[in-house]
Amino acid sequence: MSPSSQLEGFFTGVAPERYRLPHRRLGLPVILLIRRVLCRSFEVLRERNFPLATAKEDDVTAALRSVIENDLRQTGDVRGFNRSTYDAVIRQGEVANYDGTRRAKTPDLCFKLRYDDFEPYFGLSEFDALFVECKPVDAEHSASGHYCDKGLIRFVNGDYAWAMQEGMMLAYVRDGRTIADQLIPAMNEPSRLARLETIQLPIPSVASAGAAKNRTEALHTSRHRRNFPWPDSKGIACAITVYHLWHDCG
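Being a predicted model, the structure only gives us computed values, none of them experimental.

Caption draft 1: Quick peek at the pattern of salt bridges. According to the stated counting rule, one finds 13 salt bridges in the structure shown. Residue R40 pairs with D77 through a salt bridge whose shortest N-O separation is 3.0 Å. Placement of R40 in helix α2 (residues 28-47) and of D77 in the loop between α3 (57-75) and β1 (90-91) is noted, with a sequence separation of 37 residues between them. Judged by relative accessible area, R40 falls into the partly exposed class, the value being 22%. As a salt-bridge pair, R192 and D149 come within 2.9 Å of each other at their nearest N and O atoms. A residue pair is termed long-range when its members are at least 10 positions apart, and R192 in helix α6 (residues 190-195) and D149 in helix α4 (residues 143-156) qualify at 43 residues. When its relative accessible area of 6% is taken as the criterion, R192 is described as buried.

Caption draft 2: Inspection of the sheet that holds strand β5 (residues 198-204) at higher detail. Pairing within the open sheet is mixed, and its seven strands lie in the order β1-β2-β3-β4-β7-β6-β5. Each end of this open sheet is capped by a strand with a single partner; those strands are β1 and β5. Sheet strands touched by α3: β1, β2 (109-111), β3 (130-137) and β4 (166-173). Its angle to β4, the strand with the most contacts, is close to 120°. In the packing of helix α5 (residues 179-187) onto the sheet, contacts are made with β5, β6 (220-224) and β7 (240-248), and the angle to β5 comes to roughly 175°.

Caption draft 3: Summary view of the nonpolar core. In terms of nonpolar packing, the biggest core is built from 73 residues, with L38, F81, F111, W162, L170 and W246 touching the most fellow members. Mapped by element, the contributors of at least two residues to this core are α2, α3, β2, β3, α4, β4, α5 and β7. For this core, the element with the highest residue contribution is α2, accounting for ten residues. In this view, F111 contacts I34, V37, L38, I68, F81, Y86, V89, A129, L130 and V132; residues no more than four positions away in its chain are not counted.

Caption draft 4: Focus on the packing of α2 against α3. At a closest axis distance of 9 Å, the pairing of α2 and α3 adopts a crossing angle of 105°. On the basis of the axis angle, α2 is roughly perpendicular to α3. For the pair α2 and α3, the contacting residues are V37, L38, R40, S41, F42, V44 and L45 in the first and V60, A63, L64, V67, I68 and L72 in the second. Looking at the contact of α2 with α3, its residues break down into eleven nonpolar, one polar and one charged.

Caption draft 5: View of the environment of H220. Note on placement: H220 falls in strand β6. Those residues in contact with H220 that sit more than four places away from it in its chain are I179, P202, I203, P204, S205, V242, Y243 and H244. A distance of 2.8 Å separates a polar side-chain atom of H220 from the backbone oxygen of A218.

Caption draft 6: Local environment of unusual backbone geometry. Each neighbour pair has its own omega, and for L21 with P22 the value is -5°, a cis peptide bond. Mapped onto the elements of the fold, P22 is located in the loop between α1 (3-10) and α2. A positive phi angle, close to 60°, is found at N49, a residue other than glycine. Within the secondary structure layout, N49 lies in the loop between α2 and α3. Here D175, not a glycine, exhibits a phi torsion of approximately 65°, which is positive. Examined against the element boundaries, D175 turns out to sit in the loop between β4 and α5.

Caption draft 7: Molecular detail of the pairing of β4. A large share of β4 lies buried, amounting to eight of its eight residues. Of the two faces of β4, the one holding E166, M168, L170 and Y172 and the one holding G167, M169, A171 and V173 are both buried throughout. Of the pairings in the sheet, the one linking β3 to β4 comprises six bridges and is parallel in character. When the bridges of β4 are listed, V137 appears paired with V173. At this point the chain moves from β3, through α4, to the parallel β4, and the crossover so formed is right-handed. Here eight bridges tie β4 to β7, and the two strands are oriented parallel to one another. The partner of L170 across the bridge, within β7, is L245.

Caption draft 8: Spatial organisation of the packing of aromatic side chains. Tallying each qualifying case throughout the model produces seven aromatic pairs. Taking the centre distance of 6.2 Å and the plane angle of 80° together, the rings of F42 and Y172 count as edge-to-face. Of the two residues, F42 is situated in helix α2 and Y172 in strand β4; the sequence distance between them amounts to 130 residues. There is no split in this pair, since F42 and Y172 are both buried. Aromatic rings pair up to connect F81, Y86 and F111 into one cluster.

Parameters at a glance
- Sequence positions are assigned chain by chain, starting from 1 and proceeding in written order.
- Per-residue local features of the predicted model are confined to residues with pLDDT of at least 70, and side-chain atom pairs are confined, for both listing and counting, to 80 or more; whole-chain, interface and lining totals are unaffected and use all residues.
- Heavy atoms from the whole structure form the basis of all side-chain values; hydrogens and water molecules are not counted.
- For this analysis, a salt bridge means a side-chain nitrogen from Lys or Arg found within 4 Å of a carboxyl oxygen belonging to Asp or Glu.
- Elements are defined by DSSP. Helices are runs of H or I of four residues or more, strands are runs of E of two residues or more, and each kind is numbered from the N terminus.
- Remark: exposure states derive from per-residue accessible area (1.4 Å probe, protein chains only) relative to the maximum for the residue type, with buried under 20%, exposed over 50%, and partly exposed in between.
- At least two DSSP bridges between two strands are required for those strands to pair.
- Note on contacts: a residue pair qualifies if any of its non-hydrogen atoms lie within 4.5 Å across the two residues.
- Lines are fitted to the C-alpha atoms to define the axes, a helix being fitted only along its stretch in contact, and any angle between axes, read from their N-to-C directions, falls within 0 to 180 degrees.
- Nonpolar cores were defined as sets of buried Ala, Val, Leu, Ile, Met, Phe, Trp, Tyr and Cys residues, with membership established by side-chain atoms within 4.5 Å.
- For classification purposes, an angle smaller than 35 degrees is called roughly parallel, one larger than 145 roughly antiparallel, one from 65 to 115 roughly perpendicular, and anything else oblique.
- Each residue gets one label: Ala, Val, Leu, Ile, Met, Phe, Trp, Tyr, Cys and Pro are nonpolar, Asp, Glu, Lys and Arg are charged, and the others, such as Gly, are polar.
- Pairing of N or O atoms within 3.5 Å defines a polar contact, subject to two protein rules: one partner must be a possible hydrogen donor and the other a possible acceptor, and residues neighboring in sequence count only if both atoms are side-chain atoms.
- Handedness rule for crossovers: strands pointing away from the viewer, path from the first strand over the helix to the second running clockwise, crossover right-handed.
- Geometry of aromatic contacts follows a simple scheme: Phe, Tyr and Trp rings, the Trp one being its six-membered ring, pair when their centres are within 6.5 Å, and the pair is stacked under 30 degrees between planes, edge-to-face over 60, tilted otherwise.

If you want it as structure tokens, here you go:
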């Protein structure tokens, strides 16, 4: 099957004029709210003596999701994050990539907003969310080969968040790794700059610079071109902003 026929058959039953790409921006206030949710979730895990320093990646992610969904979204402990504003947080839910050739991609966490306004046919609901990919960064998991080449690349090649303008990488950091010392040099290697289609290396978000606390670095943003075609002749995908949240799990 040719790429064009895959794209044409991907959204069978959805009239092209009934949705637009890219989806609307989530916006920095939403990103910062989810940052607060994640930071509070790590606090709760520490309060409950969860072994963040030694637990495997999937175990940390599962524990985070449990706190987020079963505690914070239910109680409203983080102002603005509750059952009326967000749908159930999904862990490793299956979604298709940009052309439907891979229909079982599994981003680690998925936050779907419930909008107060109703804009008919704005986007494709199943792909309208903040997709979060989680990766350990430690002595056994490098910022280069693991975080970038097995995580960040998925936002660039259309596996995750292909209809969106933003995505998030969440790092479970151990052994004193930092964005400045590990991530930026890894992303700045010429071959990786090209693979990641980097427009902007990670810089601190103005809204969160200097606000790092709870063992979490200030939120950083990077920008990346995307060269895959959107379905229904809607053009080449726009660039994506990726937010980098690094939490010290040591």
